[in-house]
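Chain by chain, the residues run as shown.
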Amino acid sequence: MSTTLRAAEQTRLSTGEEIGAWETIRRGIRHSPELTEGIGWTLTLAVIASVGQVVVPIAVQQTIDKGLHGDGGPDVSFTTWLALAAGLAIVATSWASYAMTARLFSTAERGLATLRVKAFRHVHDLPLLTQNTERRGALVSRVTSDVDQVSQFLVFGGLLFVVSIGQMLIATVVMVVYSWQLAIVVWVCFAPLFLSLRYFQRKLAAAYGTVRRQVGVLLSAVSEPVVGAAVVKSYAIEDRTQERIDTAIAVHKSASTRAQGFTAFSFSLGGISAGFANAGVLIVGIWLGQGFAWGDGITAGEVLAFAFLVTLFVGPVQMGTQILTDAQNAIAGWRRVIGILDTPADLVDPGPDGRTLPKGAIDVRFEEVGFAYPGGPEVLSDIDLVIPAGQRVAVVGETGSGKSTVAKLLTRLMDPDRGRVLLDGIDLREVAESALRSSVVLVPQEGFLFDDTLAANVRYGRLGATEDEILAAAETIGLGDWVAGLPDGVATRVGQRGESLSAGERQLVALLRAQLADPDLLVLDEATSAVDPALETRIGRALERLMSGRTSVTIAHRLSTAESADVVVVVDRGRIVQHGPHAELVTRPGTPYARLHASWVAQRGAAGQPG
């Protein structure tokens with residue numbers, strides 16, 4: 001993917017491309033096909049539930065006009081049978097409503113579970129640059145709270161909105177049958193609300209879009225200090241941290257209050273419309289009943305039935321107003337989740353059609369490679385480099401020279417904008433992801449550890465490894481006694497982010513994980529740069545054994561690493577400016593490597609460390 005396109009995708013992801021409500025729903029259903037399973041039967045139940053709502057008004061009208069005020073006087077038998085029929089209809093309606101709701105719950109949760117899984121998996125497929133650009137809290141909110149909002153709408157809104165519309169239409173039909181004049185009165189009273197719905201829909205959509213974005217900001221503001229609690233306490237920045245959280249909470253509260261203000265106003269407008277409708281029905285109904293207005297008159301039963309029908313009409317209107325609010329909140333969340341799913345994973349895995357790498361030490365070749373981060377200049381330009389199989393290479397350079405970018409391209413955490421990276425003559429983009437990860441391993445500066453046992457963390461190198469295989473790997477790189485000295489051996493829990501271990505011990509776990517993976521190409525982003533000095537010798541021996549028989553590329557921040565490498569590659573301002581053995585490069589006065597080495601030796605001397 002080009003730099004321009006990558007920047008455009010990240011901008012769209014962070015701001016949220018505004019797609020229409022119906023398009024959002026359509027695409028959401030496409031991502032969660034379970035939502036439409038059995039929709040025909042569910043709609044049938046919804047129709048039964050809707051039709052059943054008019055049973056009581058009709059029964060009341062028939063009881064008054066025919067059962068009590070019939071031509072032959074009160075008809076107890078007719079009234080009894082009518083009551084029984086109405087009771088059975090109500091039971092059937094209640095069952096249909098229950099069955100519809102149960103089906104709705106089931107399909108909604110299945111569909112949203114699928115959406116959640118897809119979103120979570122896609123987050124891991126996103127370009128590394130996109131993940132780094134998007135706040136972690138915002139990414140988490142899209143998979144959690146945004147999907148929860150969609151769930152709430154589908155479960156408590158969704159078909160209930162369809163039921164409400166159906167109930168209103170059926171109530172209108174019965175109203176027209178009883179008195180088209182009173183039906184007009186009811187609709188005239190609700191006309192202002194109906195005409196303003198489009199306006200409120202736009203306002204609510206914008207307001208709840210802001211709310212959903214602020215939820216992500218709030219989660220980031222809260223989660224970062226929790227993860228970085230030690231830094232907060234060490235530097236006594238609790239007040240500043242609290243101020244940041246308070247600001248995020250205040251902005252979220254302001255956005256939510258504004259959105260709820262629109263909701264309250266639209267709901268109140270529904271209540272006012274209902275009041276006018278009830279008053280209008282009573283006044284016009286009396287006129288019609290007394291013959292004061294045009295028409296053939298209206299019976300007492302029909303007026304009373306109309307009062308029930310107005311209530312039946314008002315309920316769905318006010319429910320629809322609330323559902324509209326929930327819908328805007330849900331659609332805003334749905335839109336953000338779809339934004340994640342629509343963000344292309346520019347590192348396309350060729351899958352089963354991809355090529356595999358032969359077992360054994362790998363040779364590496366960079367051919368005219370260029371790369372730039374979104375919106376910035378090229379950080380690597382015209383990189384040509386050949387690394388023979390089995391060679392140990394150290395890549396050195398000033399901070400910002402582009403050396404860490406070399407490691408990311410070599411392990412295909414990113415693809416070059418131009419040129420190719422080849423392993424054993426095969427373009428990395430043609431290698432199947434599974435084959436690449438089994439052959440190439442990156443040991444970062446700070447190996448991330450999960451809140452689990454040492455064995456569970458090491459098994460990320462090879463998930464099916466047994467405890468004996470883990471212990472054998474530890475012995476191979478000289479870490480057997482260290483593992484045995486832990487409180488519970490490989491069953492020792494490492495804590496969140498490995499906080500129960502020292503920085504050096506966390507690096508040992510990363511090296512053990514790499515040994516268990518048994519890669520053919522080992523890429524180390526200066527795996528010894530943050531170690532406990534007491535462990536430096538042990539780590540040095542472990543690295544020596546780990547690199548044995550493999551091609552290795554080390555991004556060297558300390559030049560002691562470069563001194564022991566077969567070849568040193570010097571990167572300066574995105575270009576390779578020197579290449580050769582340490583002993584040769586260090587003897588060239590005035591060159592970038594000679595300056596770097598002299599500066600490093602001077603710093604070590606000032607710190608009282610041996611050169």
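For the structure, see preceding data.
Residues numbered from 1 in each chain as written. Predicted model: local features only at pLDDT ≥ 70, side-chain atom pairs only at ≥ 80, totals over all residues. Heavy atoms only, no water.

1. Some details on the overall build of the chain
Turning to step 1, where the next piece is worked out: Scanning the chain for helices and strands turns up 23 helices and ten strands.
Turning to step 2, where the next piece is worked out: Considering only residue pairs separated by 6 or more positions, the chain has 80% of its internal contacts joining residues 24 or more positions apart.
Turning to step 3, where the next piece is worked out: Looking at the chain as shown, the accessible area adds up to about 29100 Å², and 60% of this sits on carbon and sulfur atoms. (Helix = DSSP H or I, 4+ residues; strand = E, 2+ residues; numbered from the N terminus. Contact = heavy atoms within 4.5 Å. Areas by Shrake-Rupley, 256 points an atom, 1.4 Å probe, with all protein chains shown as cover.)

2. Description of the pattern of salt bridges
For side chains of opposite charge, pairing can occur when their charged atoms come near one another.
Turning to step 1, where the next piece is worked out: Applying the stated criterion across every chain, the model contains 17 salt bridges.
Turning to step 2, where the next piece is worked out: Residue Lys-359 pairs with Asp-520 through a salt bridge whose shortest N-O separation is 3.6 Å. You can see Lys-359 sitting in the loop between helix H13 (300-342) and strand E1 (364-372) and its partner Asp-520 sitting in the loop between helix H19 (503-517) and strand E7 (521-524), a full 161 residues away along the chain.
Turning to step 3, where the next piece is worked out: Using a relative accessible area of 60% as the deciding quantity, one classes Lys-359 as exposed.
Turning to step 4, where the next piece is worked out: Owing to a relative accessible area of 5%, Asp-520 belongs among the buried residues under this scheme. (Salt bridge = Lys/Arg side-chain N within 4 Å of Asp/Glu carboxyl O. Buried < 20%, exposed > 50% of the residue type's maximum accessible area, 1.4 Å probe, protein only.)

3. Let's talk about the packing of H19 against helix H20 (residues 536-547)
Turning to step 1, where the next piece is worked out: Orientation of H19 relative to H20, taken along the N-to-C sense of each, is 15°, at an axis distance of 11 Å. Accordingly, the angle class assigned to the pair H19 and H20 is roughly parallel. Note that H19 runs across H20; the crossing there is left-handed. Where H19 abuts H20, its residues Gly-504, Gln-507, Leu-508, Leu-511, Ala-514 and Gln-515 lie against Arg-538, Ile-539, Ala-542, Leu-543 and Leu-546.
Turning to step 2, where the next piece is worked out: Its residues assigned to classes, the contact of H19 with H20 shows seven nonpolar, three polar and one charged. (Axes fitted to C-alpha atoms, helices over the stretch in contact; angles between N-to-C directions. Parallel < 35°, antiparallel > 145°, perpendicular 65-115°, else oblique. Left-handed = near helix turned anticlockwise from the far one by under 90°. Nonpolar A, V, L, I, M, F, W, Y, C, P; charged D, E, K, R; others polar.)

4. Quick look at the sheet that holds strand E8 (residues 551-555)
Turning to step 1, where the next piece is worked out: Ordered by their spatial adjacency, six strands build an open sheet running E6-E7-E8-E3-E9-E10, and the pairing between neighbours is mixed. Looking at strand neighbours, the two that pair on one side only are strand E6 (440-443) and strand E10 (575-580), the edges of this open sheet. Direction aside, the axes of adjacent strands within the sheet are offset by 20° on average.
Turning to step 2, where the next piece is worked out: As judged from the four bridges shared by strand E3 (residues 392-396) and E8, these two strands associate in the parallel manner. (Pairing = 2+ DSSP bridges.)

5. Here's the deal with helix H14 (residues 403-410)
Turning to step 1, where the next piece is worked out: Buried residues dominate H14, accounting for six of its eight residues.
Turning to step 2, where the next piece is worked out: For H14, every residue scored as buried is listed here: Lys-403, Thr-405, Val-406, Ala-407, Leu-409 and Leu-410.
Turning to step 3, where the next piece is worked out: Looking one or two places after H14, you find Arg-412, whose phi comes out positive at around 55°.

6. Looking at the sheet that holds strand E4 (residues 418-423)
Turning to step 1, where the next piece is worked out: Taken in spatial order, the four strands of this open sheet run E2-E1-E4-E5, and their pairing is antiparallel. The open sheet has two edge strands, strand E2 (378-387) and strand E5 (426-427), and neither has a second partner.
Turning to step 2, where the next piece is worked out: Pairing analysis gives five bridges linking E1 to E4, with the strands arranged antiparallel. Each residue of the ladder has a partner; that of Gly-370, found in E4, is Arg-418.

7. With respect to a nonpolar patch on the surface
Turning to step 1, where the next piece is worked out: On the surface, a nonpolar cluster with roughly 290 Å² of combined accessible area is contributed by Val-56, Ile-90, Leu-304 and Phe-308.
Turning to step 2, where the next piece is worked out: On the basis of relative accessibility, which here comes to 37%, the residue Leu-304 falls in the partly exposed class. (Patch = residues over 30% accessible without salt bridge, like charges linked within 9 Å, V, L, I, M, F, W, Y side chains within 5 Å.)

8. What to know about unusual backbone geometry
Turning to step 1, where the next piece is worked out: A positive phi angle, close to 55°, is found at Arg-412, a residue other than glycine.
Turning to step 2, where the next piece is worked out: One can find Arg-412 in the loop between H14 and E4.
Turning to step 3, where the next piece is worked out: Of the residues examined, Arg-412 reaches a relative accessible area of 3% and is grouped as buried.
Turning to step 4, where the next piece is worked out: Not every positive phi belongs to a glycine, and Asp-518 is a case in point at roughly 55°.
Turning to step 5, where the next piece is worked out: The topology assignment puts Asp-518 in the loop between H19 and E7.
Turning to step 6, where the next piece is worked out: Using a relative accessible area of 37% as the deciding quantity, one classes Asp-518 as partly exposed.

9. Side note on the pairing of E4
Turning to step 1, where the next piece is worked out: Where E4 and E5 come together, two bridges link them in antiparallel fashion. The residue of E5 that forms the bridge with Leu-423 is Ile-426.
Turning to step 2, where the next piece is worked out: Taken together, E4 and the strand that follows it, E5, pair antiparallel across an intervening segment of two residues, in which Asp-424 is found at a positive phi of about 50°.

10. Observations concerning the nonpolar core
Turning to step 1, where the next piece is worked out: Counting residues in hydrophobic clusters, the biggest one holds 34 residues, and the most contacted among them are Val-443, Leu-454, Leu-511, Leu-512 and Leu-522.
Turning to step 2, where the next piece is worked out: Going through the elements one at a time, E6, helix H16 (454-458), helix H17 (467-476), helix H18 (480-484), H19, E7 and H20 are the ones with two or more residues in this core.
Turning to step 3, where the next piece is worked out: The biggest single contributor to this core is H19, with eight residues.
Turning to step 4, where the next piece is worked out: One finds Ile-383, Leu-423, Val-431 and Ala-435 within the second-largest nonpolar core, a separate group that totals 33 residues. (Core = buried A, V, L, I, M, F, W, Y, C linked by side-chain atoms within 4.5 Å.)

11. Observations concerning H20
Turning to step 1, where the next piece is worked out: Compared with an ideal rise of 1.5 Å per residue, which puts twelve residues at 16 Å, H20 spans 16 Å between its outermost C-alpha atoms and is within 8% of the ideal.
Turning to step 2, where the next piece is worked out: Every buried residue belonging to H20 is among Arg-538, Ile-539, Ala-542, Leu-543, Leu-546 and Met-547, and all of these are buried. For H20, the angular spread of the buried residues around the axis is 155°, confining them to a single face.
Turning to step 3, where the next piece is worked out: Residues of H20 that are buried in the fold lie against E3, H18, H19, E7 and E8.
Turning to step 4, where the next piece is worked out: Note on H20: the residue one or two positions beyond its end, Gly-549, has a positive phi of about 80°. (Expected span 1.5 Å × (residues − 1). Arc of directions from axis to C-beta.)

12. Considering the environment of Glu-505
Turning to step 1, where the next piece is worked out: Inspection of the secondary structure puts Glu-505 in helix H19.
Turning to step 2, where the next piece is worked out: In sequence terms Glu-505 and Trp-482 are 23 residues apart; their C-alpha atoms lie 9.2 Å from each other.
Turning to step 3, where the next piece is worked out: When near neighbours in sequence (up to four residues on either side) are disregarded, Glu-505 contacts Trp-482 and Leu-535.
Turning to step 4, where the next piece is worked out: A polar contact is formed between the side chain of Glu-505 and the side chain of Trp-482, at a distance of 3.4 Å.
Turning to step 5, where the next piece is worked out: There is a polar contact of 2.9 Å between the side chain of Glu-505 and the backbone nitrogen of Ser-502. (Polar contact = N/O pair within 3.5 Å; in protein donor to acceptor, adjacent residues only side chain to side chain.)

13. Some remarks on a negative patch on the surface
Turning to step 1, where the next piece is worked out: On the surface, Glu-238, Asp-239, Glu-243 and Asp-246 cluster together to form a negatively charged patch.
Turning to step 2, where the next piece is worked out: The residue Asp-246 is located in helix H12 (residues 238-290) in this model. (Lys, Arg positive; Asp, Glu negative; His and termini not counted. Charge placed at Lys NZ, Arg CZ, Asp CG, Glu CD.)

Geometric descriptors of this kind do not, in isolation, establish any biological role.
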